[in-house]
Amino acid sequence: MSTGNHPYGPLIAQLPLEEKVHLLTGETAFTLPGNETIGLAPLAFSDGPTGVRGLKFIGGDAVALFPNATLISGSWDDELAEEVGHMLSEEAHRQSIHVVLGPTVNLHRSPLGGRLFEAYSEDPYLTGRTAAAYVRGMQGNGTAACLKHLVANESETLRNFMDSRVSETALREVYLLPFEMAVEDAGAWSIMAAYNDINGISATENSHITEEIVKGEWGWDGLVMSDWFATKRTVESANGGLDLVMPGPDGPWGERLVAAVRRGDVAEATVDEHVVRLLRLAERTGGLGTGGLRTGGLGTDDGGAVASPFKASMPAPDSAIRKEQLRRIAARGMVLVKNEGGILPLEGVDTLALVGRHAIATQDMGGGSAQVNPPYQSTVAEGLSERLGGGLTVVDGVGVRNRPVAADPAFVTDPITGEPGLRVTYLAADGREIDSAREAGTALTIGFDDGRAEPPAAVVLSAVLENSAGPVRLGGIGAGRWTFAVDGEEVATAQLGFSGSDPGEGVLRPPAYAELRDLPERANVSAKLEFEPVDWREVLGRNPAIKLAEESHLLATGSFNLVGFVAEAAGRTDEEAIAAAEDAARAAGTAVVVVGLTEEDETEASDKQTLALPGRQDELVRRVAAAAKRTVVVVNAATPVLMPWLADVDAVLIAGLPGQEGGHAIAAVLTGEAEPTGRLVTTYPAADGASPAWEVTPDAALRLHYSDGSAVGYRGWHAGNAPEPLFWLGHGLGYGSWEYGEARLVPSSGGTATGGAPTGGATGGAPTIEVEVTNTSSRPSRETVQVYFMPAEPGQPVRLAGYAGADVAPGERVTVTVACDPRLFRRWDEAAAGWAPLGSGELLVARGLGDVRARVSLP
């Protein structure tokens with residue numbers, strides 16, 4: 001492109017090629033370089049989407065931990081999603097962050113996907129509508145959202161090398177739709193390109209998707225950045241639509257891109273286009289001090305420096321307002337999937353047995369880059385104790401993890417200062433001490449964002465344990481050679497290496513070791529880790545299917561490590577825990593069993609192998625249910641789990657990963673302070689393998705075939721491509737009860753539905769449905785009316801086309817209007833390479849696809 005007449009042209013004209021290229025790679029792990037000549041401030045990015053972590057991957061300042069994505073989308077409420085976006089922007093302002101890396105708009109294609117907890121739904125419309133509301137809330141407060149990950153990145157196994165083989169029809173109708181909606185309906189300012197290939201071409205080089213569709217057909221003017229270390233080749237990515245390489249300071253652009261321009265492999269005008277998009281992002285987020293260029297009133301300080309765009313006096317992460325917001329949002333997204341005899345809410349219950357490891361160590365967030373450092377995390381035991389007092393008996397459950405975890409900071413003290421935490425000593429290759437300091441936490445990153453001028457060759461973690469004499473589980477997390485000593489005497493060594501093909505494993509899923517050892521009271525322990533460099537080019541070269549370019553950014557991650565100190569007092573056996581739970585349930589009469597997954601299961605960088613609950617949790621539920629008169633199960637997981645005990649229990653509540661106020665939110669729902677009006681965002685299979693898409697492991701050629709086409713999730717179940725599910729998309733009981741009147745078709749105005757659903761963004765109209773609903777219960781409640789479109793055209797799957805919520809008083813009848821979205825009434829015609837209308841068919845008015853209340857024909 002020519003920038004001569006572009007508003008940013010005069011700025012770009014001041015920069016030589018080398019300076020322009022320098023702007024297009026990060027300066028650090030989470031910041032971009034600035035340029036005083038043109039008034040460009042350094043921009044700061046932070047991971048999301050369940051909190052704005054800041055510039056540190058581990059540690060850092062305390063920030064608010066939000067409920068996970070499925071609890072936001074589970075509300076089926078645009079206003080709530082927009083509120084979350086605004087709150088996250090406030091968190092960004094508090095930390096001087098310009099861009100939050102979220103929302104995640106990939107789909108729940110296979111329930112085995114490890115990172116699904118970050119994504120909204122199996123349905124593209126629900127995902128796109130929730131994302132658009134989130135983006136509006138965030139960008140309306142001046143913080144850029146970043147839609148991720150473009151595209152077909154629904155699983156984690158071999159994600160850096162896998163090739164998602166997806167038809168153009170499925171790509172257009174399903175996997176690109178959430179991006180399209182967030183771009184058209186909310187004007188998202190940035191998008192992140194994924195790690196994987198799509199149909200043989202890397203996401204960071206895929207000009208068909210990025211240039212032709214996103215920037216071309218959609219007319220989008222935002223910036224496309226790479227996922228961290230995802231850029232594979234220099235020329236192909238620069239010409240393929242990528243605008244920014246992250247992170248920095250190294251990468252495959254820099255001098256290589258300058259040389260490519262000099263050779264004529266990349267046009268300088270292409271570099272200019274990337275810079276234009278970067279400057280536009282900076283201007284939108286208050287990072288460009290260009291005077292008259294900026295609209296919206298940002299001025300400049302004397303000397304041309306950019307005035308701060310960040311608002312002051314944002315709520316603290318542990319403030320009263322944040323507690324109220326986070327508790328309410330978490331509760332709104334929880335889903336009651338079974339409630340025999342109206343056992344919930346627990347009213348008039350004098351004694352209650354609360355059972356399970358997740359009851360005392362509630363899982364409030366998932367693993368990987370979505371983790372944050374919250375000021376606190378609440379547990380279900382804390383929440384119910386606050387409400388029930390002495391009538392509550394709390395019993396720990398069975399083990400739920402296969403991997404060791406870093407020690408509770410309260411269990412260790414610095415042997416020098418006596419303060420909580422570790423003593424961390426960094427050593428050079430010659431044994432010289434580089435530095436020594438106390439760390440408040442028990443895990444840290446080395447080489448990624450620690451800013452050390454001299455990389456250590458080894459690290460020594462030292463602590464005095466707050467243990468009684470007896471067995472302690474002792475170990476370490478991190479790759480290399482470990483040596484453990486107690487009171488100065490060596491007691492164990494361990495050699496830990498990488499097991500996968502992802503150099504990022506050192507940070508996202510490092511190897512770990514732990515063994516039980518008899519230790520004296522308040523044992524003085526040291527754990528030395530000697531790092532052993534890995535030649536990842538050689539390791540990856542053993543797989544002939546992996547074609548690794550010499551400049552691949554991925555190779556820069558091999559020197560990064562997450563290191564953790566493992567120390568935990570040994571608890572009772574699983575059998576002892578189950579027996580104690582049975583006794584407590586029998587005595588109390590009513591039992592609440594909290595089961596779930598952990599960050600081992602719901603995490604970035606790996607997928608699940610099964611939907612079964614870890615350990616002996618299923619046995620725990622069965623035996624407690626046999627002992628108690630009434631049993632409630634709370635599932636502390638964001639994604640589907642198997643429930644072989646479903647017929648044995650009275651109620652089941654899906655609580656997701658509910659954030660720092662999660663324990664209190666669950667307790668509020670169980671006791672009736674709050675109602676779980678959420679609806680499922682993903683269909684639950686009845687057994688392993690019983691879903692339209694299951695496999696997440698690529699074949700020998702690293703191809704993952706999206707053979708389910710556009711019949712993803714519930715669409716495939718409805719088409720008969722898998723056995724009857726356990727629970728359908730949209731299912732949720734709440735505490736109300738509902739009668740539906742006759743549904744009727746009304747003229748569409750092209751406006752918005754009840755609840756604010758945009759109906760524009762596609763050519764042609766779409767139907768609007770009105771239906772009367774009556775709350776037949778004795779309490780106020782909220783109903784979510786869902787409308788699905790079943791096209792008459794053969795081979796076209798059912799699809800969610802609209803929804804709207806209504807708060808209804810006891811005995812009240814209201815009319816709910818649902819305006820369907822035109823983008824669900826079209827199909828991609830591959831022969832014509834364009835959209836074709838889907839007009840005739842049937843609309844299903846439902847409380848979930850398994851509970852259809854009315855049908856309306858479309859001629």
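See the structure shown above.
Residues numbered from 1 in each chain as written. Predicted model: local features only at pLDDT ≥ 70, side-chain atom pairs only at ≥ 80, totals over all residues. Heavy atoms only, no water.

### Let's talk about the overall build of the chain
Piece 1. Check the secondary structure of the chain and you find 20 helices and 35 strands.
Piece 2. The C-alpha radius of gyration computed for the chain amounts to 27 Å, which stays within 12% of the reference 29 Å derived for 859 residues, consistent with globular compactness.
Piece 3. On the principal axes, the C-alpha backbone points of the chain span a range of 80 × 75 × 55 Å.
Piece 4. Per-residue burial for the chain yields a buried fraction of 63% across its 859 residues.
Piece 5. The long-range share in the chain, meaning contacts at least 24 apart out of those at least 6 apart in sequence, stands at 76%.
Piece 6. Carbon and sulfur atoms provide 47% of the accessible area of the chain, an area that totals close to 29100 Å².
Piece 7. In the chain, 68 positive and 113 negative side-chain charges are present, and the distance between their average locations comes to 2 Å. (Helix = DSSP H or I, 4+ residues; strand = E, 2+ residues; numbered from the N terminus. Rg over C-alpha atoms; globule rule 2.2 N^0.38 Å. Buried < 20%, exposed > 50% of the residue type's maximum accessible area, 1.4 Å probe, protein only. Contact = heavy atoms within 4.5 Å. Areas by Shrake-Rupley, 256 points an atom, 1.4 Å probe, with all protein chains shown as cover. Lys, Arg positive; Asp, Glu negative; His and termini not counted. Charge placed at Lys NZ, Arg CZ, Asp CG, Glu CD.)

### Observations concerning the nonpolar core
Piece 1. Counting residues in hydrophobic clusters, the biggest one holds 108 residues, and the most contacted among them are Phe45, Val151, Tyr175, Met225, Trp228, Val271 and Leu279.
Piece 2. With seven residues, helix α11 (residues 268-284) is the single largest residue contributor to this core.
Piece 3. Counting 44 residues, the second largest nonpolar core, distinct from the first, contains Trp738, Val771, Tyr788 and Ala801. (Core = buried A, V, L, I, M, F, W, Y, C linked by side-chain atoms within 4.5 Å.)

### Comments concerning the packing of helix α4 (residues 78-94) against helix α12 (residues 320-333)
Helix-helix packing is characterised by the crossing angle of the two axes and by the distance between the axes.
Piece 1. Contact geometry of α4 with α12 gives a least axis separation of 12 Å together with a crossing angle of 145°. Crossing hand, α4 versus α12: left-handed. Contacts between α4 and α12 pair Leu80, Glu83, Val84, Met87, Glu90 and Glu91 from the former with Arg322, Gln325, Leu326, Arg328, Ile329 and Arg332 from the latter.
Piece 2. Tallied by class, the residues present in the contact of α4 with α12 amount to five nonpolar, one polar and six charged. (Axes fitted to C-alpha atoms, helices over the stretch in contact; angles between N-to-C directions. Left-handed = near helix turned anticlockwise from the far one by under 90°. Nonpolar A, V, L, I, M, F, W, Y, C, P; charged D, E, K, R; others polar.)

### What about the sheet that holds strand β6 (residues 197-198)?
Piece 1. Strand order in this open sheet of four strands is β7-β6-β4-β26, and the pairing throughout is mixed. Looking at strand neighbours, the two that pair on one side only are β7 (201-202) and β26 (703-705), the edges of this open sheet. (Pairing = 2+ DSSP bridges.)

### Focus on the sheet that holds strand β20 (residues 512-519)
Piece 1. Strand order across the open sheet formed by four strands is β15-β22-β17-β20, with antiparallel pairing between neighbours. Looking at which strands have only one partner, the edges of the open sheet turn out to be β15 (443-446) and β20. Each strand of the sheet is rotated relative to its neighbour by a mean of 15°, with strand direction disregarded.

### Thoughts on the environment of Thr169
Piece 1. Examined against the element boundaries, Thr169 turns out to sit in helix α6 (residues 168-175).
Piece 2. A C-alpha to C-alpha distance of 54 Å links Thr169 and Tyr426, two positions 257 residues apart in sequence.
Piece 3. The residues touching Thr169, leaving out its near neighbours within four places in the chain, are Val174, Trp828 and Glu830.
Piece 4. At a separation of 2.7 Å, a polar atom in the side chain of Thr169 contacts the side chain of Glu830. (Polar contact = N/O pair within 3.5 Å; in protein donor to acceptor, adjacent residues only side chain to side chain.)

### A look at unusual backbone geometry
Piece 1. His149 follows Lys148 through a cis peptide bond whose omega is 5°.
Piece 2. Phi is positive for Trp76, close to 50°, though the residue is something other than glycine.
Piece 3. Residue placement: Trp76 occurs in the loop between α3 (69-73) and α4.
Piece 4. For Trp76, a relative accessible area of 2% gives the class buried.
Piece 5. For Leu158, which is not a glycine, the phi torsion comes out positive at approximately 55°.
Piece 6. You can see Leu158 is positioned in the loop between β3 (144-150) and β4 (163-165).

### Let's talk about the environment of Ala836
Piece 1. Looking at where Ala836 falls in the secondary structure, it is placed in strand β33 (residues 834-837).
Piece 2. Spatially, the C-alpha atoms of Ala836 and Arg826 are 5.5 Å apart, while their sequence positions differ by ten residues.
Piece 3. Not counting residues up to four positions away in its chain, the partners in contact with Ala836 are Arg826, Arg827 and Asp829.

### Describing helix α8 (residues 207-217)
Piece 1. Along α8, the positions that sit buried rather than exposed are Ile209, Thr210, Ile213, Val214 and Lys215. Burial along α8 is one-sided: seen end-on, the buried residues are contained in an arc of 160°.
Piece 2. Residue Gly219 follows α8 closely and has a positive phi angle near 65°. (Arc of directions from axis to C-beta.)

### What to know about the environment of Glu347
Piece 1. Note that Glu347 resides in the loop between β9 (335-339) and β10 (352-355).
Piece 2. With 324 residues separating them along the chain, Glu347 and Thr671 place their C-alpha atoms 6.5 Å apart.

### A word on the side chain of Gln363
Piece 1. Along the chain, the position of Gln363 falls in the loop between α13 (357-360) and α14 (380-388).
Piece 2. With a relative accessible area of 9%, Gln363 lands in the buried category.
Piece 3. Once residues within four sequence positions are removed from consideration, Gln363 is found in contact with His358, Arg401, Leu597, Thr598, Glu599, Asn636, Gly656, Leu657 and Pro658.

### Re the pattern of salt bridges
Piece 1. What the rule picks out here adds up to 65 salt bridges.
Piece 2. Between Asp185 and Arg823 there is a salt bridge, with its nearest N and O atoms 2.7 Å apart. Separated by 638 residues along the polypeptide, Asp185 in helix α7 (residues 177-186) and Arg823 in the loop between β31 (813-819) and β32 (826-829) bring together distant segments of the chain.
Piece 3. Looking at Asp185, the relative accessible area reads 18%, which means it is buried.
Piece 4. Residue class for Arg823 comes out buried when judged on its relative accessible area of 3%.
Piece 5. For Arg233, the salt bridge identified is with Glu236, shortest N-O distance 3.6 Å.
Piece 6. Exposure remark for Glu236: the relative accessible area of 31% places this residue in the partly exposed category.
Piece 7. Taken together, the shared-partner salt bridges connect Arg115, Glu118, Glu156, Arg159 and Glu604 into one network. (Salt bridge = Lys/Arg side-chain N within 4 Å of Asp/Glu carboxyl O.)

### As for α6
Piece 1. Counting buried positions along α6 gives eight out of eight residues, so the element sits mostly inside the fold.
Piece 2. Where α6 is buried, its residues contact α5 (124-139), α7, α8, α20 (714-718), β32 and β33.

### Section: the packing of aromatic side chains
Piece 1. Evaluation of the coordinates by the stated rule reveals 16 aromatic pairs.
Piece 2. On the numbers, 5.2 Å between centres and 50° between planes, the contact of Phe448 with Phe560 is tilted. Here Phe448, found in the loop between β15 and β16 (458-465), pairs with Phe560, found in the loop between α16 (536-541) and β22 (561-569); they are 112 residues apart in sequence, far enough to count as distant.
Piece 3. Between Tyr684 and Phe727, the aromatic rings sit 6.4 Å apart at their centres with planes inclined by 70°, giving edge-to-face as the arrangement. Residue Tyr684 is located in the loop between α19 (662-671) and β26, and its partner Phe727 is located in the loop between α20 and β27 (738-746); the two are separated by 43 residues in the primary sequence. Residues Tyr684 and Phe727 agree in their burial class; the two are buried.
Piece 4. Connected via pairs of aromatic rings, a cluster forms that spans Phe30, Phe57, Trp228, Phe229, Phe448 and Phe560. (Phe/Tyr/Trp six-rings, centres within 6.5 Å; stacked < 30°, edge-to-face > 60°.)

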